[in-house]
Amino acid sequence: MPIADKMLKMVAGMEMVKKMFEEGARLKAEHGPDRVFDFSLGNPDVPPPMEFKKVLKELVNDESLGHGYTPNTGYPHVRQAVADYLSDVHAVRLTPDLILMTVGAAGALNDALKAVINPGEEILVPAPYFIGYDHYAFIAGATIKTVPTNGNFHLDTAAIASAITEKTRVMLINSPNNPTGAVYSATELAELGRVLDEASQKFGRRIYLVADEPYRKIAYDVEVPSIFQAYAHSIIVTSYSKELSLAGERIGFLAINPAAEDAGLLAAAAAVINTMLCVNAPSLMQHAVARLQGITVDVSIYRQRRDLLCRGLSEIGYEFHVPEGAFYLFPKSPIPDDVKFTQILKDELILTVPGIGFGGPGYFRLSYAVPDATISGSMAGFKRAIERI
Ligand code: PLP
């Protein structure tokens, strides 16, 4: 075999995703891009805030700025800026040594998981979940174990308590959630913290809570509570991909709760992994985000699209929970076979992703990081699809 055995399955999985994109591109070429309604990608299309361009221009014209390697953990002034901002938001005293600048949330997830997981250990994830977790678990040599959410995609802490075993090292949560749009409340996070504490004591080993929060700023009328307040042994992994619409620029960070056991050692382990995997986070973007703390894209654009999409689909008869955050809708498939239904939608030139790909069979995912015209133009097709089945 020319490649590693374990890579064969991963390559096959990626081929399927590639095929999906190619099929979308083919349909757009055949029918014209305006006639194809593509809800399949979570690629933010809202422009970055004006401040970003301004800061970037200043940085580009700053002759004193180098373009060499940065400290592996990130520039000290950048980590200080992030620590100061997070200290306010999470009501803790965060120091820069507990911040690690990373290549997006993906980089932070790889660092966090590899830092704490021994091969063969388990990551517990509420389903439905972001498919990238399978990849980060693969890199960490860990296994993903899913645990069902309750009827409205919120945490079922009783199910979590009974799913934890002596192999569980990490509880990985994502709120606001991709693909469901759920935002976990302070009460459910506190309950989760209690369950993780009890289980850690029962099994005599620390279970870490890793909170993947790239959509934290994209929430509608609900507060996204701090996990640092819910559980001491917690790590935030996140990025500026969505909140500043900088997904392609690959900048994010990892932040460790100062109350975590061995927080310093944890930071050191994550830093070593970060150095090994990617050396350092992009230099120019580190400088930029240091000056953009607290700045966010215009979230009202996503809210209007959410409302437009929910109103339209609900009038046609689709069932769903109105998303509390992120930019995804996860409606129930009108037939049990979600793969078949997304095929029917494709016949109407509507591109979506079957729920089974997220560990949520019987549903499908729409990303509303799309122009309003895509939403309004697609409604006739959504109606025909439901009439056809
Ligand atoms: N986590 C979730 C839930 C995501 O949806 C994504 C990207 O879509 C990521 C992590 C990766 O984010 P980044 O592009 O910042 O690496």
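Residues numbered from 1 in each chain as written. Predicted model: local features only at pLDDT ≥ 70, side-chain atom pairs only at ≥ 80, totals over all residues. Heavy atoms only, no water.

In this section: the side chain of Arg 205. Relative to the helices and strands, Arg 205 is located in the loop between helix H7 (186–203) and strand S6 (208–212). The class of Arg 205 is buried, set by a relative accessible area of 19%. At a separation of 2.3 Å, a polar atom in the side chain of Arg 205 contacts the side chain of Glu 121. Aside from chain neighbours lying at most four places away, what touches Arg 205 is Glu 121, Glu 166, Lys 167, Thr 168, Arg 169 and Ser 200. (Helix = DSSP H or I, 4+ residues; strand = E, 2+ residues; numbered from the N terminus. Buried < 20%, exposed > 50% of the residue type's maximum accessible area, 1.4 Å probe, protein only. Polar contact = N/O pair within 3.5 Å; in protein donor to acceptor, adjacent residues only side chain to side chain. Contact = heavy atoms within 4.5 Å.)

Looking now at the environment of Arg 205. Spatially, the C-alpha atom of Arg 205 lies 8.1 Å from that of Arg 169, the residues being 36 residues apart in sequence. A distance of 3.1 Å separates the side chain of Arg 205 from the backbone oxygen of Thr 168, its partner in a polar contact.

The full count for this structure, using the stated rule, is 23 salt bridges. Across the pair Arg 206 and Glu 261 runs a salt bridge whose closest N-O atoms are separated by 3.5 Å. A residue pair is termed long-range when its members are at least 10 positions apart, and Arg 206 in the loop between H7 and S6 and Glu 261 in the loop between strand S8 (252–256) and helix H8 (263–278) qualify at 55 residues. Residue Glu 261 is classed as partly exposed on the basis of its relative accessible area, which comes to 41%. Here the salt bridges share partners, and the residues they tie into one network are Glu 23, Arg 26, Glu 30 and Lys 346. (Salt bridge = Lys/Arg side-chain N within 4 Å of Asp/Glu carboxyl O.)

This next bit is on the domain arrangement of the chain. For the chain, the assigned domains are domain 1 (5–49 + 298–388) and domain 2 (50–290). Placing a centre on the C-alpha atoms of domain 1 and another on those of domain 2 gives a separation of 26 Å. If you look at the interface, domain 1 gives 31 residues, while domain 2 gives 35 residues. Where domain 1 abuts domain 2, roughly 2700 Å² becomes buried across the two surfaces, and 63% of that area is made up of carbon and sulfur atoms. Among the residues domain 1 hides against domain 2, the three largest losses belong to Pro 49, Glu 324 and Phe 358. Together they make up 26% of the total. At the surface where domain 1 touches domain 2, the tally comes to 1 salt bridge. A salt bridge links Asp 221 to Arg 303; the shortest N-O distance between them is 3.1 Å. On inspection of domain 1 and its partner domain 2, the count reaches 17 residue pairs in polar contact (both at pLDDT 80 or more). Mapped by element, the contributors of at least two residues to the side of domain 1 that touches domain 2 are helix H1 (5–31), helix H10 (299–316) and strand S9 (328–329). Across the side of domain 1 that touches domain 2, the residue classes tally to 19 nonpolar, 7 polar and 5 charged. (Domains from an automatic or database assignment. Buried area = accessible area lost by both parts, 1.4 Å probe. Nonpolar A, V, L, I, M, F, W, Y, C, P; charged D, E, K, R; others polar.)

The next thing to look at is the pairing of strand S7 (residues 234–239). In summary, the side chains of a regular strand alternate between the two faces of the sheet. Among the 6 residues of S7, 6 are classified as buried, and the element is accordingly described as predominantly covered. What you see with S7 is no split at all: Ser 234, Ile 236 and Thr 238 on one side and Ile 235, Val 237 and Ser 239 on the other are buried throughout. With 4 bridges connecting them, S6 and S7 associate as parallel partners. Within the sheet, the bridge partner assigned to Val 210 lies in S7 and is Ile 235. (Pairing = 2+ DSSP bridges.)

This part takes up H7. Compared with an ideal rise of 1.5 Å per residue, which puts 18 residues at 26 Å, H7 spans 26 Å between its outermost C-alpha atoms and is within 8% of the ideal. Taken together, the buried positions of H7 are Glu 188, Leu 189, Leu 192, Gly 193, Val 195, Leu 196, Ala 199 and Ser 200. Buried residues of H7, viewed axially, fall in a sector of 165 degrees; they line one side. Structural note: H7 exposes Thr 187, Gln 201 and Lys 202 on the side pointing more than 90 degrees away from its buried face. Buried residues belonging to H7 abut helix H6 (157–163), strand S5 (168–174) and S6. In the stretch just after H7, Gly 204 is the one whose phi turns positive, near 70 degrees. (Expected span 1.5 Å × (residues − 1). Arc of directions from axis to C-beta.)

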